[in-house]
Amino acid sequence: MNMGRPRFDPRMQQRGPQIRINHRIRVPEVRVVGADGGMLGVMTTDEARKLAQEAGLDLVEVNPKAEPPVCKILDFGKFKYEEKKKQREAKRKQTTVDIKEIKLRPKTDQHDFDFKVRNARRFLETGNKVKFTVRFRGREITHPEKAQEQLDHAVRGCEDLANVEVRPMMEGRAMTLLIAPKPAIMQKVSQMKVAAEKARQQAMKEGRALPPEEPEEEPDLDDDDDDDDDDEEEEPEGPRAT
């Protein structure tokens, strides 16, 4: 006999809490809310089911933890549809925060640096955090002060929009800095999302074309290739030939 660990069966996975309806409600008595929202009081579960059947509706347990559990007489199919609709609406309205990475080099020239800071500001204005990464090559890592200077300039270029969330730190052969939108910016983004959702709902109600989605973000250009000619190769280890 195999006494080892039982084989995995996906059907045995735990499911989330299930809503009990009609004959799945097995407690002896329940507190009943009518289809119109009025309280019908405490009664036996059989009596409550009978009332729901006579109305052509379902008896749905809406608060199983109450004493006795609270059940409501309603159309369960419509109830599930409304719940899913609410979840979709809530997901559409919630403000998500992504982290956008901006890559720099200690030798990034002023034109490219200004371009990248403009990209960072655009990301912040749409509610995203920005991670600046200054990557080192060869002997550049022996001069971290140049990377620190780049990051300081980047912070000053975004200081009206963002706060420093994680101060400059070394990650392997890179120095990173994380900044996040200020609360006022996040509030503005949230208000814009609410306004956009209202416009969308109004367009759907009037049968008009829906407002266009947000345009795709312009990719951040990496200037690594531009600096290749300026990089010094690392010298091989070992004694030099004389």
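Notes on the structure in this doc start here. (Residues numbered from 1 in each chain as written. Predicted model: local features only at pLDDT ≥ 70, side-chain atom pairs only at ≥ 80, totals over all residues. Heavy atoms only, no water.)

1. Remarks on the packing of helix α3 (residues 110–125) against helix α4 (residues 144–158)
Axes are the key here: two packed helices are described by the angle between their axes and the distance separating the axes.
1) Next: In the contact formed by α3 and α4, the axes pass within 10 Å of each other and the chain directions differ by 50°. By the angle between their axes, α3 is oblique relative to α4. When you trace α3 past α4, the crossing you get is right-handed. In contact with Phe113, Val117, Ala120, Arg121 and Leu124 of α3, α4 contributes Gln150, His153, Ala154, Gly157 and Cys158.
2) Next: Classifying every residue of the contact of α3 with α4 by side-chain character gives six nonpolar, three polar and one charged. (Axes fitted to C-alpha atoms, helices over the stretch in contact; angles between N-to-C directions. Helix = DSSP H or I, 4+ residues; strand = E, 2+ residues; numbered from the N terminus. Parallel < 35°, antiparallel > 145°, perpendicular 65-115°, else oblique. Left-handed = near helix turned anticlockwise from the far one by under 90°. Contact = heavy atoms within 4.5 Å. Nonpolar A, V, L, I, M, F, W, Y, C, P; charged D, E, K, R; others polar.)

2. Considering the nonpolar core
1) Next: By size, the foremost hydrophobic cluster in this structure holds 22 residues, and its most contacted members are Leu124, Val130, Phe132 and Ile179.
2) Next: Listing elements by their share of this core, those giving two or more residues are β5 (99–104), α3, β6 (129–135), α4, β8 (174–181) and α5 (183–206).
3) Next: Look past the residues within four positions of valine 130 in its chain and what remains in contact with it is Lys100, Ile102, Ala120, Phe123, Leu124, Leu177, Leu178 and Ile179.
4) Next: Ile25, Ala48, Ala52 and Ile73 belong to the second-largest nonpolar core, a separate cluster that totals nine residues. (Core = buried A, V, L, I, M, F, W, Y, C linked by side-chain atoms within 4.5 Å. Buried < 20%, exposed > 50% of the residue type's maximum accessible area, 1.4 Å probe, protein only.)

3. Observations concerning α4
1) Next: The end-to-end C-alpha distance of α4, which contains 15 residues, comes to 22 Å, matching closely the 21 Å that a straight helix rising 1.5 Å per residue would cover.
2) Next: Those residues of α4 hidden inside the fold are in contact with β5, α3, β6, β7 (162–171) and β8. (Expected span 1.5 Å × (residues − 1).)

4. Some words on the side chain of arginine 105
1) Next: As for its position among the elements, arginine 105 is in the loop between β5 and α3.
2) Next: Only 3.1 Å separates the side chain of arginine 105 from the backbone oxygen of arginine 135, close enough to count as a polar contact.
3) Next: A polar contact of 2.8 Å, which involves the side chain of arginine 105, links it to the side chain of glutamate 140. (Polar contact = N/O pair within 3.5 Å; in protein donor to acceptor, adjacent residues only side chain to side chain.)

5. So, the pairing of strand β4 (residues 70–74)
1) Next: Of all five residues making up β4, four are buried, and the element is well covered by its neighbours.
2) Next: Pairing analysis gives three bridges linking strand β1 (residues 29–33) to β4, with the strands arranged parallel. When the bridges of β4 are listed, arginine 31 appears paired with valine 70.
3) Next: With five bridges joining them, strand β3 (residues 58–63) and β4 adopt antiparallel strand pairing. Directly across from glutamate 61, in β4, lies its bridge partner cysteine 71.
4) Next: Connecting β3 to the antiparallel partner β4 that follows it, the hairpin turn spans six residues. (Pairing = 2+ DSSP bridges.)

6. Concerning the sheet that holds β1
1) Next: On the basis of which strands lie adjacent, the open sheet formed by four strands has the order β2-β1-β4-β3 and mixed pairing. At either end of the open sheet lies a strand with only one pairing partner, and these are β2 (39–44) and β3. In this sheet, adjacent strand axes meet at a mean angle of 35° when their direction is disregarded.
2) Next: Across the sheet, helix α1 (residues 45–54) is in contact with β1, β2, β3 and β4; its angle to β2 comes to roughly 130°.

7. So, the environment of alanine 48
1) Next: Following the sequence through the fold, alanine 48 ends up in helix α1.
2) Next: On the accessibility criterion, alanine 48 (0% relative accessible area) is buried.
3) Next: Along the backbone, alanine 48 and glutamate 29 are 19 residues apart, and their C-alpha atoms lie at a distance of 8.6 Å.
4) Next: Filtering out sequence-adjacent residues up to four positions away, alanine 48 remains in contact with Val30, Val32, Met43, Leu59 and Ile73.

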